[in-house]
Amino acid sequence: MGSHGRTASTAGGPRLPDAVPFDLTTVTRLSWELGSQVVSDATRLSEWEHATSGRRLAVYDATDHTVVLGVRTPVGRERFFGATKHDVDAKRSRLRDAENWRRCE
């Protein structure tokens, strides 16, 4: 099965799609079933849209120290990734400063 975008880091682990303006050193790819179940009960902290591709990135509060990142393609395909809040908070300014990403209100 083929895939689009970067899907593995140089160490062989999961990575966020290329459109996301930052990379995380530690990220876990969640199955669609698990990710959708977690975010259905979680608080959405923020949601962003990529101006040229139509991708969306949502950040959900999963636990005291963990967030789930939900990435949706323009055709509605979703992927979910788990990461530490600390790592995402440290990279959040790159998302705010990226010229192609806009926060959804």
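Residues numbered from 1 in each chain as written. Predicted model: local features only at pLDDT ≥ 70, side-chain atom pairs only at ≥ 80, totals over all residues. Heavy atoms only, no water.

1. Remarks on the pairing of strand β2 (residues 43–50)
The two faces of a sheet get side chains in turn, since along a regular strand they alternate between them. What counts, and what does not: The criterion for strand pairing is that DSSP finds at least two bridges linking the strands in question. In this description a helix means any DSSP run of H or I spanning at least four residues, a strand means any run of E spanning at least two, and both kinds are numbered starting from the N terminus.
Across six bridges, the pairing between β2 and strand β3 (residues 56–61) is antiparallel. Pairing of E49 across the sheet is with R56, part of β3. Counting the residues that bridge the hairpin from β2 to β3 gives five residues, and of these G54 lies at a positive phi of roughly 80°. For β2 and strand β6 (residues 101–103), the ladder comprises three bridges, and the chain directions are antiparallel. Looking at the pairing, H50 lines up with W101 of β6.

2. Let's talk about the sheet that holds strand β5 (residues 78–84)
To be explicit about the condition: Between the N-to-C directions of two axes lies an angle of 0 to 180 degrees, each axis being a line fitted to C-alpha atoms and, for a helix, fitted only over the stretch in contact. Contact between two residues is taken to exist if any of their heavy atoms lie within 4.5 Å; hydrogens are not considered.
In space, the six strands of this open sheet follow the order β1-β5-β4-β3-β2-β6, with antiparallel pairing throughout. For this open sheet the edge positions go to β1 (28–30) and β6, each flanked by a neighbour on one side alone. Here the strands of the sheet are splayed against their neighbours by 25° on average, with no regard to which way each runs. Helix α1 (residues 32–41) rests against β1, β2, β3, β4 (66–72) and β5 of the sheet, and its axis sits at about 70° to β5. Set on the sheet, helix α2 (residues 85–97) makes contact with β2, β3, β4, β5 and β6; between it and β5 the angle comes to about 120°.

3. Some thoughts on the nonpolar core
Just so we agree on the cut-off: Throughout this description, the term nonpolar core refers to a set of buried Ala, Val, Leu, Ile, Met, Phe, Trp, Tyr and Cys residues connected via side-chain atoms within 4.5 Å. Each residue is assigned to one of three classes by its accessible area relative to the maximum for its type, calculated with a 1.4 Å probe on protein chains only: buried under 20%, partly exposed between the two thresholds, exposed over 50%.
Within the largest apolar cluster, 17 residues are counted, with the highest numbers of intra-cluster contacts made by L16, L24, L57, L69 and V88. Secondary-structure elements contributing two or more residues to this core are β3, β4, β5 and α2. At three residues, the largest contribution of residues to this core is made by β4. Grouped together as the second largest cluster of nonpolar side chains are seven residues, L30, Y60, V68 and F80 included.

By themselves these figures say nothing about function.
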